[in-house]
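Structural characterization, general
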Amino acid sequence: MKKVIKLALVVMCAMCSTSLYAQKFARISLQEVIFAMPEFAQMQTDLEAFTKELGEQLEAIQVEFNNKAAEFQKNRETLNESVRNLKEQELQQLQQRYADFQQIAQQDVDKKQGELFQPIHLKAMEAVKKIATAGGYTAVFDTSVNALAYFNENTVIDIAPAVRAELGIKEEPAATK
């Protein structure tokens, strides 16, 4: 009986160690893949257009403020005190409106960037999942976020070329920023 238990234990240990060595790991610089996607270039174009539109609105508020400030400075001496106070208050409100709009515009740009980036990221992740599943990889490490303390580049397979092919990307990856 003891021999059977020992034999079963040895077989179990051998199976566990064999399954550990059978695991496959891969790596990818997801950032490089995403930067190479045509959708990413389109996202940048769309985001620049959105940012430009908001910038033009900010500029219009600034021009309005500059015109009113110049007019106020020109006529300041001729205005009575109550009108002068009213004009000063109007200029302060315009400055506050500019600051508020600037803050809201930045939040809108951040939100728009997230909305545009999410489908691109999801598409890239689906391609990674497809390649990892097809290749039988246990784990895929994203090297662009430097989350690994160490990995041996010779033993961890880079699946970026396969993912780029899955996404239909033919050119070389863009340089990371």
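Before any of the text, the structure's been laid out above.
A quick note: this is a predicted structure, and the numbers were derived from the prediction, not measured.

1. Concerning helix α4 (residues 81–135)
The end-to-end C-alpha distance of α4 is 80 Å, a good match for the 81 Å that 55 residues give at a rise of 1.5 Å each. Where α4 bends most, the angle comes to about 30 degrees, and this point is Phe117, followed within four residues by the proline Pro119. Regarding α4, the residues found buried are Leu91, Leu94, Ala105, Val109, Leu116, Ile120, Ala124, Ala127, Val128, Ile131 and Ala132. Along its buried surface, α4 packs onto β1 (25–28), α2 (30–36), α3 (38–75), β2 (139–142) and α5 (160–167). Within two residues after α4, Gly136 carries a phi angle of roughly 70 degrees, on the positive side.

2. Notes on α3
Quick reminder: α-helices carry 3.6 residues per turn. Residues three or four places apart thus point the same way. Here α3 spans 56 Å end to end across 38 residues, near enough to the 56 Å set by a 1.5 Å rise per residue. Among the residues making up α3, those that are buried are Phe40, Met43, Leu47, Leu54, Leu58, Ile61, Phe65, Ala69 and Phe72. The secondary structure elements touched by the buried residues of α3 are α2 and α4.

3. With respect to the packing of aromatic side chains
Per the stated rule, a full pass over the model turns up 2 aromatic pairs. Taken together, a centroid distance of 4.8 Å and an interplanar angle of 35 degrees make the contact between Phe35 and Phe40 tilted. Stacked on the ring of Tyr137, the Lys or Arg Lys24 has its end atom at 4.7 Å from the ring centre. In this arrangement the basic side chain of Lys112 is found over the ring face of Phe50, its NZ or CZ atom lying 5.5 Å from the centre.

4. Things to note about the pattern of salt bridges
Taken as a whole, this structure holds 7 salt bridges when the rule is applied. Measuring nitrogen to oxygen at the nearest pair gives 3.7 Å for the salt bridge that ties Arg27 to Asp158. Within this pair, whereas Arg27 is found in strand β1, its partner Asp158 is found in strand β3 (residues 157–158), the two being separated by 131 residues in sequence. We note a salt bridge from Lys68 to Glu90, for which the minimum N-O separation is 2.7 Å. Highlighted residues: Lys68 in helix α3 and Glu90 in helix α4, separated in sequence by 22 residues. Note on Lys68: relative accessible area 30%, which makes it partly exposed.

5. A word on the sheet that holds β3
Spatially, the 3 strands line up as an open sheet ordered β2-β1-β3, and their pairing is parallel. Two strands bound the open sheet, and with one partner strand each, they are β2 and β3. By the bridge criterion, 4 bridges tie β1 to β2 in an arrangement that is parallel. Pairing of Arg27 across the sheet is with Phe141, part of β2.

6. So, the environment of Ala162
Position of Ala162 among the secondary structure elements: in helix α5. Look at Ala162 and you get partly exposed, because its relative accessible area is 31%. For the pair Ala162 and Ala132, spaced 30 residues apart in the sequence, the C-alpha separation amounts to 9.6 Å.

7. Here's the deal with the pairing of β1
In this sheet, β3 lies alongside β1 in parallel orientation, the contact comprising 2 bridges. For Arg27, the partnering residue across the bridge sits in β3 and is Asp158.

8. A word on the packing of α3 against α4
Running from N to C, α3 and α4 cross one another at 180 degrees; their axes reach a closest spacing of 10 Å. With respect to their mutual orientation, α3 and α4 come out roughly antiparallel. Classifying every residue of the contact of α3 with α4 gives 19 nonpolar, 6 polar and 12 charged.

9. Brief notes about the nonpolar core
For soluble globular proteins, the rule of thumb is that nonpolar side chains tend to be buried together. One finds Ile28, Ile34, Met37, Ile159, Val163 and Leu167 to be the most contacted residues of the largest nonpolar core, which totals 26 residues. Where this core is concerned, the elements lending two or more residues are β1, α2, α3, α4 and α5. With 9 residues, the single largest contributor to this core is α4. Look past the residues within four positions of Ile34 in its chain and what remains in contact with it is Phe40, Phe117, Ile120, His121 and Ala124. Residues Ala69, Phe72, Leu91 and Leu94 belong to the second largest nonpolar core, which totals 7 residues.

The rules we used
Residues numbered from 1 in each chain as written. Predicted model: local features only at pLDDT ≥ 70, side-chain atom pairs only at ≥ 80, totals over all residues. Heavy atoms only, no water. Helix = DSSP H or I, 4+ residues; strand = E, 2+ residues; numbered from the N terminus. Expected span 1.5 Å × (residues − 1). Bend = angle between axes of the 7 residues up to and from the residue. Buried < 20%, exposed > 50% of the residue type's maximum accessible area, 1.4 Å probe, protein only. Contact = heavy atoms within 4.5 Å. Phe/Tyr/Trp six-rings, centres within 6.5 Å; stacked < 30°, edge-to-face > 60°. Lys NZ or Arg CZ within 6 Å of the ring centre and 35° of its normal. Salt bridge = Lys/Arg side-chain N within 4 Å of Asp/Glu carboxyl O. Pairing = 2+ DSSP bridges. Axes fitted to C-alpha atoms, helices over the stretch in contact; angles between N-to-C directions. Parallel < 35°, antiparallel > 145°, perpendicular 65-115°, else oblique. Nonpolar A, V, L, I, M, F, W, Y, C, P; charged D, E, K, R; others polar. Core = buried A, V, L, I, M, F, W, Y, C linked by side-chain atoms within 4.5 Å.

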